[in-house]
Amino acid sequence: MKNPNLHQQVDSRRTFAIISHPDAGKTTITEQLLLFGGAIRQAGTVKGKKTGNFAKSDWMEIEKQRGISVTSSVMQFDYQDKRVNILDTPGHEDFSEDTYRTLMAVDSAVMVIDSAKGIEAQTKKLFQVVKKRGIPIFTFINKLDRDGREPLELLEELEDLLNIESYPMNWPIGMGKGMEGLYDIFNDRVELYRPENYDGERLVALDANGELPATHKLTENSVYHQVLEEVELLKEAGDEFDVDKITRGEQTPVFFGSALTNFGVQTFLETFLQFAPAPHSHPTVDGQEVSPYEEEFSGFVFKIQANMNPAHRDRIAFVRICSGTFERGMDVNLQRTGKKTKLSNVTQFMADARENIEEAVAGDIIGVYDTGTYQIGDTLTEGKLKVEYEELPSFTPELFMKVTAKNVMKQKSFHKGIYQLVQEGAIQLYKTYLADEYIIGAVGQLQFEVFQYRMLNEYNSEVIMTPMGNKIARWIDPEDLDERMSSSRNILAKDRFDQPLFLFENQFAERWFTEKYPEVKLKTLL
Ligand code: GDP
């Protein structure tokens, strides 16, 4: 046996991403988690890195500066007997298709919501991608130390807007200045925010009736009695805690807390680690599955990060390990080309520099230095294992630009660059249906910037991009196509597989279309 501990090591892995709208508190909670894991020593360490422009997110720089390999992309730490991998999904200026693809490489997701704002646009988009995968989603409703919306209202919004059952794991006893604690429904205890005001203990067990000991000072607080009533109501009318539903992503356990004051975060972490799944089998293109306990190494590339430093052309391919054990210097087969490559120049993402781990197993992420060998979605396998993992989905872009080469004499490098970057998944390419003008599509603005930069630096092609703004892209069946359907409110285009689609100006234009052509079915990608 190659790695006698494989089974146990795989079972200890928890690989997840945090999804949220900008400012909900993802960075703050990530830091608290890293602190619990001993991976950083001081809050504020993760914070600094998102203030600069994207060139600064060069993880090697960050690694050098801190002397520890905390990277923006993958953060790994140990907590109790678990090894935790947090995959970053930038919700900010870095938002791109990479963000979505990262969600293809995790086993669960944590959704952070601002208690004053509720479900916001970006959260909703990311949630939908996660929901489609049917993986567990845990919810942390943050900023309880500020006055936010009523907890019941927030739960209702979760169910209405996201169409997912929720189960409150705890319930706030006051918020804002009146934040006294959390009634921990799941663990039958109260977690006090200001224990020194009461009996000194932070965690107080509840009696058989679900109440604090009658002598406890908090029982004099009227909010506490209101909470008892609300919890009673939740128990009678709410959904039951259902592990199977959680595992299938049909129910989300909801935790209230405050990341900034580190209140409720540890309870959240411990419960999350208990119920979040370890890596499981991963589907292949031919409908099979590969077990994470399979001895031979395998994995897929879910993200390629181009180095923005002009002096270096290298890139890093992020590989999610799906089975077996990675060992430095091992030979693997790249299934797409059938070629062998050596995994020697590889980065692992251990947040604590003291541990020099030379091994990674299913569930872990490794960063492979790449000089142009890999593409998004590539499968790497070891030895006799011959599998190809399911293709990564394409995502419906929302932003579009017309693009042309500045120098008409350089059409060749322009085309080469575009087609390679499209293949790599950096950008999506469309053409207007009749005139064959190039349109590129993206889910985030950053993708255009990276595209322009890489066209110039890697293909020596200066491009002119003309913004078309937000559009709603909807595919139709080729047999439904009638060119007269195109009007001033929509653009008829084709994708790189020559499939027809409309780019609608806005929702009104889309609705107008569906009313005029009720028989034509409009479809989205993921
Ligand atoms: P991100 O954009 O989701 O990563 O959000 P950040 O973690 O950067 O937080 C955005 C802002 O909200 C920062 O000013 C944080 O200090 C603040 N913040 C985060 N968590 C809390 C919280 O629990 N309570 C309060 N009052 N502020 C918070």
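These figures come from a predicted structure and were not determined experimentally.

Draft legend 1. Representation of the overall build of the chain within the structure. Broken down by element type, the chain carries 12 helices and 29 strands. Looking at the 526 residues of the chain, the share that counts as buried comes to 44%. Across the chain, the fraction of contacts at a sequence separation of at least 24, relative to all contacts at a separation of at least 6, is 69%.

Draft legend 2. Representation of the sheet that holds strand β7 (residues 171-173). Spatially, β7-β8-β9-β10 is the arrangement adopted by the 4 strands of the open sheet, whose pairing is antiparallel. Of all the strands in the sheet, just β7 and β10 (203-205) have a single pairing partner and so form its edges. Taking each pair of neighbouring strands and ignoring which way they run, the sheet shows an average axis angle of 25°. Here helix α7 (residues 222-237) sits on the sheet in contact with β7 and β8 (181-184), set at roughly 165° to β7.

Draft legend 3. Structural view of the domain arrangement of the chain. By the assigned domains, the chain splits into domain 1 (16-275), domain 2 (282-382) and domain 3 (399-523). Contact residues are listed per partner, giving 7 residues for domain 1 and 6 residues for domain 3. Across the side of domain 1 that touches domain 3, the residue classes break down as 3 nonpolar, 1 polar and 3 charged.

Draft legend 4. Representation of the site of the ligand in the model. Of all residues adjacent to the ligand, which total 15 residues, the nearest are Gly25, Lys26, Thr27, Thr28 and Leu260. It is helix α2 (residues 26-36) that contributes the most residues to the shell around the ligand, 3 residues altogether. Residues belonging to the shell around the ligand are distributed by class as follows: 4 nonpolar, 6 polar and 5 charged.

Draft legend 5. Examining the nonpolar core more closely. Counting 95 residues, the largest nonpolar core has Leu103, Ala109, Val110, Val130, Val301, Val319 and Ile321 as its most contacted members. Element by element, the count of residues in this core is highest for strand β15 (residues 315-323), at 6 residues. Those residues in contact with Leu103 that lie beyond four places of it in its chain are Ala17, Thr89, Ala109, Leu126, Val129, Val130 and Arg133. Core analysis: the second largest hydrophobic core is formed by 29 residues, Phe414, Phe451, Met455 and Ile491 among them.

Draft legend 6. Just the confidence of the model for the chain, in detail. On average, residues of the chain score 88 in pLDDT, and 90% of them reach the 70 mark or higher. Between residues 47-71, whose pLDDT stays under 50, and residues either more than four places distant or in other chains, the model counts 42 contacts. In this model residues 351-356 is a low-confidence stretch, pLDDT under 50, and it forms 17 contacts with partners more than four residues away in sequence or in other chains. Confidence estimates for the predicted assembly give a pTM of 0.90 and an ipTM of 0.99.

Draft legend 7. Geometry of the sheet that holds strand β25 (residues 438-442). An order of β26-β23-β25-β24-β28-β29-β27 is seen for the 7 strands of this open sheet, with the pairing classed as antiparallel. This sheet does not close on itself; its edge strands, each paired only once, are β26 (463-470) and β27 (472-475). For this sheet the average axis-to-axis angle between neighbouring strands, irrespective of direction, equals 35°. Bridge analysis of strand β23 (residues 399-405) against β25 gives 4 bridges, and the strand direction is antiparallel. When the bridges of β25 are listed, Leu399 appears paired with Ala442. Along the sheet, helix α11 (residues 445-459) makes contact with β23, β25 and β26, crossing β26 at roughly 170°.

Draft legend 8. The arrangement of the pairing of β23 in detail. Two strands pair when backbone bridges link them, and β23 and β26 are joined in this way by 7 bridges, in the antiparallel orientation. Counterpart to Ala405 in the pairing with β26 is Val463.

Draft legend 9. Quick peek at unusual backbone geometry. Positive phi values are uncommon outside glycine, yet Asn163 reaches one of about 60°. With respect to the element layout, Asn163 can be found in the loop between α6 (151-162) and β6 (165-168). Judged by the 11 C-beta atoms lying within 10 Å of it, Asn163 falls in the exposed class. The phi angle at Asn262 is positive, at roughly 55°, despite the residue not being glycine. By secondary structure assignment, the location of Asn262 is in the loop between β11 (251-256) and α9 (265-275).

Draft legend 10. Region of interest: the environment of Glu211. Turning to its location among the elements, Glu211 is positioned in the loop between β10 and α7. Other than its neighbours up to four places away in sequence, Glu211 contacts Leu206 and Leu228.

Draft legend 11. Up close: the packing of α2 against α9. Two elements in contact, α2 and α9, have axes separated by 10 Å at closest approach and are oriented at 75°. Our classification of the angle between α2 and α9 gives roughly perpendicular. Listed contacts from α9 to Ile29, Gln32, Leu33 and Phe36 of α2 are Val265, Gln266 and Leu269. Along the lines of polarity and charge, the residues of the contact of α2 with α9 split into 5 nonpolar, 2 polar and no charged.

Draft legend 12. Examining the packing of helix α10 (residues 411-424) against α11 more closely. Where α10 contacts α11, the two axes come as close as 10 Å, and the packing angle between them is 125°. Comparing their axes, α11 and α10 come out oblique. Considering only the axes of α10 and α11, their crossing is right-handed. Where α10 approaches α11, its residues Ser413, Lys416, Gly417 and Leu421 are matched on the opposing element by Phe451, Arg454, Met455, Glu458 and Tyr459. Taken together, the residues of the contact of α10 with α11 sort by class into 4 nonpolar, 2 polar and 3 charged.

Draft legend 13. Molecular detail of the environment of Gly257. Looking at the element boundaries, Gly257 is found in the loop between β11 and α9. Distance in space between the C-alpha atoms of Gly257 and Val361 is 33 Å, their sequence separation being 104 residues. Beyond its immediate sequence surroundings of up to four residues, Gly257 is in contact with Phe140, Asn142, Leu144, Phe263, Gly264, Val265 and Phe268.

Conventions and cut-offs
Residues numbered from 1 in each chain as written. Predicted model: local features only at pLDDT ≥ 70, side-chain atom pairs only at ≥ 80, totals over all residues. Helix = DSSP H or I, 4+ residues; strand = E, 2+ residues; numbered from the N terminus. Buried ≥ 20, exposed ≤ 12 C-beta atoms within 10 Å, placed from the backbone. Contact = placed C-beta atoms within 7 Å. Pairing = 2+ DSSP bridges. Axes fitted to C-alpha atoms, helices over the stretch in contact; angles between N-to-C directions. Domains from an automatic or database assignment. Nonpolar A, V, L, I, M, F, W, Y, C, P; charged D, E, K, R; others polar. Near = placed C-beta within 6 Å. Core = buried A, V, L, I, M, F, W, Y, C linked by C-beta atoms within 7 Å. pLDDT = per-residue confidence, 0-100. Parallel < 35°, antiparallel > 145°, perpendicular 65-115°, else oblique. Left-handed = near helix turned anticlockwise from the far one by under 90°.

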